[in-house]
Amino acid sequence: MCFKNLPIEFDDSGKARLKEGVSDPFAFVDKPVESYVRRQDGPGAMVSAPPKLRDWSIDPVTRVAGALAVHTTLDLENRVAVDAYSRAMLFRGYEVILQGRDPRDAIDISSRACGVCGGVHATVSSLAIEQAFGICPPPLGVEVRNLGEVGEMFYDRPLHLGLLAGPDYSTSLLSVTNPELIGRAEKTLAPHGDLHGYRTIKDMMDALNPLTGRVYLEALEWTRVGRIMCMLMYGKYPHPSTLVPGGVSTTISTSSFNEYYTQLGKIFDFAKVISRFWDDLVEFFYEANPAYEQVGARPTNLAQVGIWDNSDVYDATYANVDRWGNARYAKPGIIIDNKLVTTDLTAINMGFEEFVSHSFYDDWTKSASQRFSSDPLGNPISAYHPWNKTTLPRPSGTNFKEKYTWDTAPRWDRQVVETGAYGQLWTTALAKNTDDNPFFESTGEGLRITLPRHGLPEDELYWKVPRQINALERNRARAYSMAFTAAIGMNCMLKALNYWRRGETAVHTKFKIPKDERVAVGFWEAGRGWLVHHMHMDKGKLVNYQITTPSTLNASPRDPFGQLGPYEQAIVGTPLLESVADDQVKGIDVLRAIRSFDPCMPCTTHMDTGKGVIVREVNSCSCTLE
């Protein structure tokens, strides 16, 4: 039994059903927004805030083009963040745009939902449509799609580690907020200096300096390698036009695979280095001050839907979704309190809901009857499930007790969950059900990854599941995810070459657009984790199309049950570890907490401290250099 809050139980055969005797099983009563700043002292009495309580507005913290703002309250007397509101500042409206269109339009239109990871949206849209159309790609088509997405992840990871999160641990920043750490870093030898080439931790911090540091500048080059890999499988990147229902329309040749492997070999070496680099950096901060373990910490609740299909198992059907979902290289899974509660996509889909109590939308359940009470297999779903959702934008003024964001509040089993590249490692490690392969295995406590020889010798890495999720562990795991992704890429490459040698060179299945009513869902992951497209079509047109991105989960606001969203939870309780006077505090630990989720690129941060505006601008997108 994986649900503890939803009224769903399973019979002896494993079939899900609603609990008996519950008249309105998914009903709930809104809880008022909890105050984290002022406390009640008797009925109706309000105690004044401490004198060193300051409101700080971080606006914008960009996802794409400055769409995220965070309002925080800092207790400077106790040096801790005590309140937070995450605000998505831009209405995109892709769900509204897609209504009434040819289903195939969703591939190209949804791809534009993100300017730096358009391939994943095109892929997940293709998955949803091929499920609706009742078609499946040829085996090589599955592997080509996998290889393209391996390349896309190599575009995302270096951007975050080198240009977004990395500078928050650089010499240029720490010399302002924690100068004592610079002196300590100068005297601390880097344990893996012989591999990554930096003798001391101070040398590593220098390499993270914005615009001038070696790691910062090299990250731009590594993103180019990832884009080349995408281009070889997809024809162009970003926003490929060759992803279609039933596979890809790319012209693939032997040269495509040879050139791809040349780039993949470079990633082997980079992954060996970057994982050890972040090991050394993370351990330095923990040793310098164990309180860094609490920066960005929140309950270890994660939601992943898996990525990289097994071409021997994948059949695109919802009937077999648990089978082919569990066969993915990166496993789907829900982790609650650091325990894996399910890896079945039916259960993950069944337990998913979205709420708009604190969002600039009308509640669709109050104005229309529920479309679907169950999924195609008869499993019960809520009126708040995406298949039942209608996007009803309702702009209004910001009120932190009522509505304050354009993001919704997705929840699984009415619990707050986050998602990320690190979640791919977490679920796969805990699932302990990886197929035999030469390059990685899960142990139940971590992932053992073997990277082949290229410029550097063959190397074995081991990522251990941390005891606590926090800002540093999100970044460390994202570095290890480079190695994990490279290992998956090698497995997919070998399978693709095997199909090619056998003459199984087809990469696409022909199809006809059905005219009857159908529902479908595409499960995939972006560079930041969970990516799901739910669709409903009839008479050859889209009736409803709903997109849930990683940032929809991570940047979500408070929900009807009084729970904060993941960004908000990660900020509240984050200690302010800067060693400077109150009027010199920059709020870097709050920013580390936010950025560890990899909100997006590029990044310009303005902080209103009540004593002026601090502006820190970092151009972290290599597209401006082309």
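A brief report on the enclosed structure follows. What you are looking at is a predicted structure, and each value in this text was computed from that prediction instead of being measured.

**Here we look at the sheet that holds strand 13 (residues 440-442)**
Taken together, the 3 strands give an open sheet; going across it, the order is 13-14-15, and neighbouring strands pair in antiparallel fashion. The open sheet is flanked by strand 13 and strand 15 (459-464), the only strands paired with a single partner. Each adjacent strand pair in this sheet contributes to an overall mean axis angle of 10 degrees, direction not counted. As paired elements, strand 13 and strand 14 (residues 446-451) share 3 bridges and run antiparallel to each other. Its bridge partner being in strand 14, Phe 440 is matched across the sheet by Ile 449. Most of the contacts of helix 10 (residues 254-288) go to strand 15, to which it runs at about 45 degrees, and overall it touches strand 14 and strand 15.

**Examining the packing of helix 4 (residues 139-164) against helix 10**
Two elements in contact, helix 4 and helix 10, have axes whose closest approach is 12 Å; the angle formed by their N-to-C orientations is 40 degrees. Between helix 4 and helix 10, the crossing angle belongs to the class labelled oblique. Crossing of helix 4 against helix 10: the hand is left-handed. Contacts between helix 4 and helix 10 pair Leu 140, Leu 147, Val 150, Gly 151, Phe 154, Pro 158 and Leu 161 from the former with Phe 257, Tyr 260, Leu 264, Ile 267, Phe 270, Ile 274 and Trp 278 from the latter.

**Looking at the pattern of salt bridges**
Tallied over the full model, the rule gives 37 salt bridges. We note a salt bridge from Lys 52 to Asp 582, for which the minimum N-O separation is 3.0 Å. Pair noted here: Lys 52 is in the loop between strand 2 (16-18) and strand 3 (53-58) and Asp 582 is in the loop between helix 16 (566-571) and helix 17 (588-595), with a separation of 530 residues, a long-range link. Assessed through its relative accessible area of 23%, Asp 582 is described here as partly exposed. Between Glu 293 and Arg 467 there is a salt bridge; the shortest N-O distance is 2.8 Å.

**Here we look at the sheet that holds strand 8 (residues 302-304)**
Strand order across the open sheet formed by 3 strands is 8-9-10, with antiparallel pairing between neighbours. Only two strands of the sheet have a single partner each, and these edge strands are strand 8 and strand 10 (339-342). With direction set aside, neighbouring strand axes in the sheet form an average angle of 25 degrees. Pairing between strand 8 and strand 9 (residues 333-336): 3 bridges, direction antiparallel. What sits directly across from Leu 302, in strand 9, is Ile 335.

**A few points about the pairing of strand 10**
In the sheet, strand 9 pairs with strand 10 via 3 bridges, with the strands oriented antiparallel. Of the residues in strand 10, the one forming a bridge with Ile 336 is Lys 339.

**Some remarks on unusual backbone geometry**
Between Tyr 237 and the following residue, Pro 238, the backbone shows a cis peptide bond with an omega angle of 0 degrees. With respect to the helices and strands, the residue Pro 238 is situated in the loop between helix 9 (214-234) and strand 6 (243-244). For Trp 308, which is not glycine, the phi torsion reads 75 degrees and is therefore positive. Topologically, Trp 308 is positioned in the loop between strand 8 and helix 11 (321-326). Taking relative accessible area as the criterion, Trp 308 reaches 0% and is therefore assigned buried. Here the phi dihedral of Asp 337 falls at roughly 55 degrees; this positive angle occurs in a residue that is not glycine.

Conventions and cut-offs
All chains use their own residue numbering, which begins from 1 and follows the written sequence. The predicted nature of this model means local features are confined to residues of pLDDT at least 70 and side-chain atom pairs, given and counted, to a pLDDT of 80 or more, with totals for whole chains, interfaces and linings taken over all residues. Excluding hydrogens and water, the side-chain values take into account all heavy atoms of the structure. Strands pair, by our definition, only if DSSP identifies at least two bridges between them. The secondary structure listing takes helices from DSSP runs of H or I that are at least 4 residues long and strands from runs of E that are at least 2 residues long, numbered from the N terminus. Helix axes are fitted to C-alpha atoms over the stretch in contact, other axes to C-alpha atoms as well, and angles between N-to-C directions run from 0 to 180 degrees. Note on contacts: a residue pair qualifies if any of its non-hydrogen atoms lie within 4.5 Å across the two residues. Throughout, the term roughly parallel applies to angles under 35 degrees, roughly antiparallel to angles over 145, roughly perpendicular to angles from 65 to 115, and oblique to all others. Crossings are assigned a handedness: left-handed for a near helix turned anticlockwise from the far helix by less than a right angle, right-handed for a clockwise turn. Here, a salt bridge means any side-chain nitrogen of Lys or Arg that lies within 4 Å of a carboxyl oxygen of Asp or Glu. We call a residue buried when its accessible area falls under 20% of the maximum for its residue type, exposed when it is over 50%, and partly exposed in between, using a 1.4 Å probe and counting protein chains only.

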